[in-house]
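Structure assessment
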Amino acid sequence: MAQGKRAGARPKRQWRPALLLLALGVTASVVAWGYLVLAAVDFGGAARDGDGAAWGFLVLASLGAVACLFLGLILLSRITRAVGLTQAPPARPSRPARDLDHPPGGHRGSP
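Below, the structure is looked at part by part. (Residues numbered from 1 in each chain as written. Predicted model: local features only at pLDDT ≥ 70, side-chain atom pairs only at ≥ 80, totals over all residues. Heavy atoms only, no water.)

**Brief notes about the overall build of the chain**
- Broken down by element type, the chain carries two helices and zero strands.
- Here the chain holds 111 residues, and 16% of them are scored as buried.
- Considering only residue pairs separated by 6 or more positions, the chain has 58% of its internal contacts joining residues 24 or more positions apart. (Helix = DSSP H or I, 4+ residues; strand = E, 2+ residues; numbered from the N terminus. Buried < 20%, exposed > 50% of the residue type's maximum accessible area, 1.4 Å probe, protein only. Contact = heavy atoms within 4.5 Å.)

**Here we look at a nonpolar patch on the surface**
- Residues Val30, Trp33, Val37, Val41, Leu69, Leu73 and Leu76 make up a contiguous nonpolar surface patch of roughly 580 Å² in combined accessible area.
- Mapped onto the nonpolar patch, the elements with two or more residues apiece are α1 (17–48) and α2 (53–83).
- No other element matches the four residues that α1 contributes to the nonpolar patch.
- Looking at where Leu76 falls in the secondary structure, it is placed in helix α2. (Patch = residues over 30% accessible without salt bridge, like charges linked within 9 Å, V, L, I, M, F, W, Y side chains within 5 Å. Areas by Shrake-Rupley, 256 points an atom, 1.4 Å probe, with all protein chains shown as cover. Salt bridge = Lys/Arg side-chain N within 4 Å of Asp/Glu carboxyl O.)

**Comments concerning the side chain of Ser29**
- Looking at where Ser29 falls in the secondary structure, it is placed in helix α1.
- Given the relative accessible area of 4%, Ser29 is considered buried.
- Of the polar contacts made by the side chain of Ser29, one reaches the backbone oxygen of Val26; its length is 3.0 Å.
- The residues touching Ser29, leaving out its near neighbours within four places in the chain, are Cys68, Leu71 and Gly72. (Polar contact = N/O pair within 3.5 Å; in protein donor to acceptor, adjacent residues only side chain to side chain.)

**Here's the deal with α2**
- When the terminal C-alpha atoms of α2 are compared, their 45 Å separation across 31 residues agrees well with the 45 Å that a helix rising 1.5 Å per residue should span.
- Inspection of α2 places Ala54, Leu58, Ala61, Gly64, Ala65, Cys68, Gly72, Leu75 and Ile79 among the buried residues, and these make up the whole buried set.
- Buried residues in α2 make contact with α1.
- The first or second residue beyond α2 is Gly84, which carries a positive phi of 105°. (Expected span 1.5 Å × (residues − 1).)

**Thoughts on α1**
- Its 32 residues give α1 an end-to-end C-alpha distance of 46 Å, which sits within 8% of 46 Å, the value for a rise of 1.5 Å per residue.
- Taken as a whole, α1 has its buried residues at Leu22, Gly25, Val26, Ser29, Ala39, Ala40, Gly44, Gly45 and Ala47.
- Packed against the buried residues of α1 are α2.
- Directly beyond the C-terminal end of α1, a positive phi value near 110° is found at Gly50.

**A few points about the packing of α1 against α2**
- Axis separation between α1 and α2 bottoms out at 7 Å; the angle between their running directions is 160°. Judged by the angle between their axes, α1 and α2 are roughly antiparallel. Crossing of α1 over α2 shows left-handed handedness.
- Its residues assigned to classes, the contact of α1 with α2 comprises 26 nonpolar, six polar and one charged. (Axes fitted to C-alpha atoms, helices over the stretch in contact; angles between N-to-C directions. Parallel < 35°, antiparallel > 145°, perpendicular 65-115°, else oblique. Left-handed = near helix turned anticlockwise from the far one by under 90°. Nonpolar A, V, L, I, M, F, W, Y, C, P; charged D, E, K, R; others polar.)

Written out as C-alpha cells, the structure reads:
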C-alpha cells in the first residue's frame, strides 16, 4: 500500500482525438505560414525588379501569412485550454435593465 503525501489514485490519461486534430491544425497552419512568408519574400524581390503583377501576389501572400499565423495561435490557445494550462475568462456580470422612466444622464438629461 502506498503511503506519503502524494499517495493516491492518479487520473488516467485518455486518448483524445480532438487534441490530435488541433495539433495537426496548428502544424498545418504554421507550415502554410512559413511557405507564404517565403513566397512573399520572393514576390517582393520580383516586384522590386519591375514585375508589376508581383505586387498583387505579394499582398495576397502577406495577407494569407497573417491569416495562417492567426489561425495557428487560435488553435494553440484551444489546445492549452483543453489540456488545462489556461482557463476560460470569468463570465461578465449582466447589466440591469434600463429604467425607461428615467432617461440616461441623470437630472440634466431630462427635458
